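Residues per chain are reported as follows:
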Amino acid sequence: MASLGTIQQFKHVSYLWDEAKAAELAGDEVALFIYRSNILGADLRLTNYGGGNTSVKITDKDPLTQQETNVMWIKGSGGDIGTLTKSGCAALYLDRLRSLENVYRGVEFEDEMVELFNHCIFDLASKAPSIDTPLHGFLPFKHIDHLHPDAAIAICAAKDGKKITEELFGGEVGWVEWKRPGFELGLELRRCLEANAAKGIALKGIILGSHGLFTWGDTSYESYMNTLEVIEKCAQYLEDNYGKTRPIFGGTKINSLETAERHKTAAKLAPILRGYCSSERKMVGHFSDTETVLQFVNANDLAKLAPMGTSCPDHFLRTKIAPLVLDPSKLDEKGYLDGVFAAYRAGYREYYEACKHPNSPAMRDPNPVVILVPSVGMFTFAKDKTMARLASEYYINAINVMRGAEAISEYTSLPHQEAFDIEYWLLEEAKLQRLPKPKPLSGRVALVTGSAGGIGKAIAKKLASEGACVILNDINQERLDGAKAEFLTTFGKDAVATTLLDVTNSDSIEAALAATCLAFGGVDIVVNNAGISLSKPIQDHTIADWDKVYDILVKGQFLVSREAVAVMRKQGFGGDIVNIVSKNAVVAGPNNLAYGSAKSAQAHGTRLLAAELGADKIRVNMVNPDAVIADSNIWAGGWAEGRAKAYGITVEELPAYYAKRTLLNEIILPEDIANATFALVGGLLNKSTGNALNVDGGVAMGFLR
Ligand SMILES: NC(=O)c1ccc[n+]([C@@H]2O[C@H](COP(=O)([O-])OP(=O)(O)OC[C@H]3O[C@@H](n4cnc5c(N)ncnc54)[C@H](O)[C@@H]3O)[C@@H](O)[C@H]2O)c1
Ligand SMILES: [Zn+2]
């Protein structure tokens, strides 16, 4: 085991091995391999998300022959080593896997081997074996780590990476030139090992040109330490060379805007870029302006490096081969963005046409995924937030790689044909085809005002569960915090953002929409739901009562819609506004002058805006609820007690009492209002605008005429 001295020597990687934990797993090599994988994956400096794979070779009893047999456990296709569990692995008969060499017809036919991996499955609950399976299988080592550490890939992508590897590791780390992962690369690794063995060299790792690192050990711990040591050495070597011969990325060409100004600019730009990037399908955005990003986008070498494209196949599969770089001084010039986007798409089409094979899948979306804006930062767009965030993380990996490679030598990228062959690989295409169908609201961004409240929260939940990203907001911080915690648990961090929002204050609304644009790139669905209730005879209505009700319900709906429409128009692909109005907009009753008439103004506001925004494909509809008591703040604070008392019943009896007054004898729940909202925006009612949907259990007096 490592002494404290050894542990402390790591500066560039995290030493996370916990001996007590490992001791609990002692004797179970598979558990130890999974433990190692998890702590390797916990440090993003060691591998990018989903990148790389790990394995262990053990003996186990063959269920058919009852004989001891060699089995290899390896991370299955997809998934991330950081969260790997046994169920995310594939277990294969090692001897069978190796015997596939006997039927291998050569590199042109290597893709057909992938099918045959299935004949080698030992554990029937295995995940699909990854394309890297032979890379692990043909190496003799018990524990193997294949990672994509930025520090090692910098050497992989350096012009004289091979020489550097030899010198840095004194020949103990081998080098294999770039080759697309697959059966042949597995054999190549074995050849590299054997060639070195013939010279009396026992390798402790192999660097794959333009790709990543292989390291190993006899035990899980030895493999872990070997991996850390090799990566640490690469990272230290880079650090020793930064700025030695020339400034990083050739020095700064343009300074960053101040943080507040930068975010304001980014928020303004995001929906415009989102509009362009969504020309084929709706995309969600992610913005990043970390120090690493700004150093790169502001640098002299940006113009040289960005068009070269990324190197590690994992990187560009997520980011496209090259980003779109914008000139910040031209952003306001008429036609500038039209021009650069058209050029990018044409360039992508050219790349596709030049590299395609007769059986290549059809060209995919030609829009950029990564957009770099000097002085501002980096935008990424993808079909959902997780993909957009990952694209951003991957491009940051690529920046790290370029920075390292340029410090020690010269950065080289993958040749276009190689990149294309990965991007349009039939095996990759098959993976895409197997992806589950996107949810109805996937790629859409929703802002429901007052979404910490009863009905608002239910609406936000429904929209999120149908695939939308939601920006939770409310005037009430405490309720907002509660809603946030709930949403993070249910939907994860990517789908949810939060902001305080007072719908009566235009600055607050502007800030909330800017936060939405920064978080997700723009907005598609805005639900005006925030509200309060008031029930008083006319003589008791104060001016303050009147103003408050009208400010929140009527002015609030106007202001939020105005700001939302501005964003939607920038995107240029329409949108949805849904107003949560009320039966009271239609039905007149006593003690309701301010609230009822404000609701009525909200209703007519819906129709007026529908009339105005049709040309923008912005649909404006309303939902008219009645008597939604569960979770409602409106009903708390004495209102429910007051009503119950008036009817001579208890508060608990109220829902049933109201239900009895409806045609369907139904209690109306917040989820019912949420479902109605989803019905309006979910795609089936795309040709309806200016409409009202009553959700009140059937109240004849509330029928619209
Ligand atoms: N509950 C019902 O029976 C019922 C019936 C018809 C219509 N509605 C309408 O449904 C909407 C939601 O009502 P609910 O029952 O969920 O009430 P609720 O009080 O539970 O939720 C309303 C939310 O709006 C927030 N809010 C209040 N003022 C705000 C402001 N200035 N800016 C931002 N947020 C603010 C509140 O903090 C609260 O979280 C309201 O517009 C209400 O008029 C409710
Ligand atoms: Zn790899």
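Below: a short report on this structure. Predicted, not measured: the structure shown is a model, and the values here were computed from it. (Residues numbered from 1 in each chain as written. Chains lettered and ligands numbered in written order. Predicted model: local features only at pLDDT ≥ 70, side-chain atom pairs only at ≥ 80, totals over all residues. Heavy atoms only, no water.)

Section: the overall build of the chain
Looking only at helices and strands, the chain has 26 helices and 18 strands in total. Dimensions of the chain, computed from the C-alpha atoms along their principal axes, are close to 100 × 65 × 55 Å. The 705 residues of the chain split such that 54% are buried. For the chain, contacts bridging at least 24 residues in sequence account for 74% of all contacts bridging at least 6. Looking at the chain as shown, the accessible area adds up to about 30200 Å², and 53% of this sits on carbon and sulfur atoms. (Helix = DSSP H or I, 4+ residues; strand = E, 2+ residues; numbered from the N terminus. Buried < 20%, exposed > 50% of the residue type's maximum accessible area, 1.4 Å probe, protein only. Contact = heavy atoms within 4.5 Å. Areas by Shrake-Rupley, 256 points an atom, 1.4 Å probe, with all protein chains shown as cover.)

Describing the packing of aromatic side chains
This structure, assessed with the given rule, holds 24 aromatic pairs. Put simply, the rings of Phe-10, Tyr-15, Trp-17, Tyr-35, Tyr-221 and Tyr-224 touch in pairs and so form one group of aromatic residues. The positively charged end of Arg-96 is found above the aromatic ring belonging to Tyr-93, 5.2 Å away from the centroid. One cation-aromatic arrangement involves Arg-364 over Tyr-424; the distance from NZ or CZ to the ring centre is 4.5 Å. (Phe/Tyr/Trp six-rings, centres within 6.5 Å; stacked < 30°, edge-to-face > 60°. Lys NZ or Arg CZ within 6 Å of the ring centre and 35° of its normal.)

Description of the site of ligand 1
In the neighbourhood of ligand 1, 29 residues make up the surrounding shell, with Asp-474, Tyr-595, Val-628, Ser-632 and Asn-633 lying closest. Within the side chain of Asp-474, one N or O atom sits 2.5 Å away from an oxygen atom of ligand 1. Val-503 places a polar main-chain atom, nitrogen or oxygen, 3.0 Å from a nitrogen atom of ligand 1. Compared with its free state, where it exposes 820 Å², ligand 1 has 95% of that area covered by protein. Secondary-structure elements contributing two or more residues to the shell around ligand 1 are α19 (454–465) and α23 (593–613). Tallied by class, residues from the shell around ligand 1 come to 15 nonpolar, nine polar and five charged. (Near = heavy atom within 4 Å. Polar contact = N/O pair within 3.5 Å; in protein donor to acceptor, adjacent residues only side chain to side chain. Nonpolar A, V, L, I, M, F, W, Y, C, P; charged D, E, K, R; others polar.)

Thoughts on the sheet that holds strand β1 (residues 53–61)
Across the sheet, seven strands lie side by side as β3-β2-β1-β4-β7-β6-β5; this open sheet has mixed pairing. Strands with a single pairing partner mark the edges of an open sheet, and in this sheet they are β3 (89–93) and β5 (173–176). Geometrically, the sheet is characterised by an average inter-axis angle of 20 degrees between neighbouring strands, direction not taken into account. With five bridges joining them, strand β2 (residues 68–75) and β3 adopt antiparallel strand pairing. Looking across to β3, one finds that Ile-74 is bridged to Ala-90. (Pairing = 2+ DSSP bridges. Axes fitted to C-alpha atoms, helices over the stretch in contact; angles between N-to-C directions.)

Let's talk about the side chain of Arg-36
Positionally, Arg-36 belongs in helix α3 (residues 29–41). Only 2.9 Å separates the side chain of Arg-36 from the side chain of His-143, close enough to count as a polar contact. Not counting the four nearest positions on each side in its chain, Arg-36 is found in contact with Trp-17, Thr-54, Ser-55, His-143, Ile-144, Asp-145, Ser-220, Ser-223 and Tyr-224.

Structural notes on the state of the cysteines
Overall, the coordinates contain zero disulfides when judged by the stated rule. Left without a disulfide partner, Cys-355 is nearest to the cysteine sulfur of Cys-312, which lies 19 Å away. Left without a disulfide partner, Cys-469 is nearest to the cysteine sulfur of Cys-517, which lies 13 Å away. (Disulfide = S-S within 2.5 Å.)

Section: the coordination of the zinc ion (ligand 2)
Taken together, His-146 (NE2), His-148 (NE2) and His-211 (NE2) make up the full set of protein donors to the zinc ion (ligand 2), lying 2.1 Å away. Mapped onto the sequence, the donors of the zinc ion (ligand 2) take the spacing H-x1-H-x62-H. Separated by 65 residues along the polypeptide, His-146 in strand β4 (residues 143–147) and His-211 in the loop between β6 (205–208) and β7 (212–217) bring together distant segments of the chain. Note on His-211: relative accessible area 2%, which makes it buried. (Donors = N, O, S within 2.8 Å, 3.2 Å for Na, K, Ca; no water.)

Remarks on the sheet that holds strand β11 (residues 377–382)
Pairing is mixed across the open sheet formed by four strands, whose spatial order is β8-β11-β10-β9. Two strands in the sheet have a free side with no partner beyond their single neighbour: β8 (284–288) and β9 (324–325). Two elements, β9 and strand β10 (residues 370–373), share two bridges in a ladder whose sense is parallel. The residue of β10 that forms the bridge with Val-325 is Leu-372.

Thoughts on the pattern of salt bridges
Considering all chains together, one arrives at 29 salt bridges under this definition. Put simply, Arg-246 and Asp-301 hold a salt bridge, and the shortest N to O gap is 2.8 Å. Note that Arg-246 is positioned in the loop between α10 (220–241) and α11 (259–277) and Asp-301 in the loop between α12 (291–297) and α13 (302–305), a separation of 55 residues in sequence. Look at Arg-246 and you get partly exposed, because its relative accessible area is 39%. Notably, a salt bridge pairs Asp-626 with Lys-583, separated by 3.2 Å at the nearest N-O pair. One end of the pair, Asp-626, is in the loop between β17 (618–625) and α24 (639–647); the other, Lys-583, is in the loop between β16 (575–580) and α23, and 43 residues separate them in sequence. Lys-583 matches Asp-626 in its accessibility class, with the two residues each being buried. When salt bridges that share partners are traced, they join Lys-179, Glu-184, Glu-188 and Arg-191 into one network. (Salt bridge = Lys/Arg side-chain N within 4 Å of Asp/Glu carboxyl O.)

Structural notes on the packing of α11 against helix α22 (residues 543–571)
Contact geometry of α11 with α22 gives a least axis separation of 7 Å together with a crossing angle of 45 degrees. What the angle tells us is that α11 and α22 run oblique. Of α22, the residues touching α11 (which contributes Lys-268, Pro-271, Ile-272, Arg-274 and Gly-275) are Val-567, Lys-570 and Gln-571. Partitioned by chemical class, the residues of the contact of α11 with α22 number three nonpolar, two polar and three charged. (Parallel < 35°, antiparallel > 145°, perpendicular 65-115°, else oblique.)

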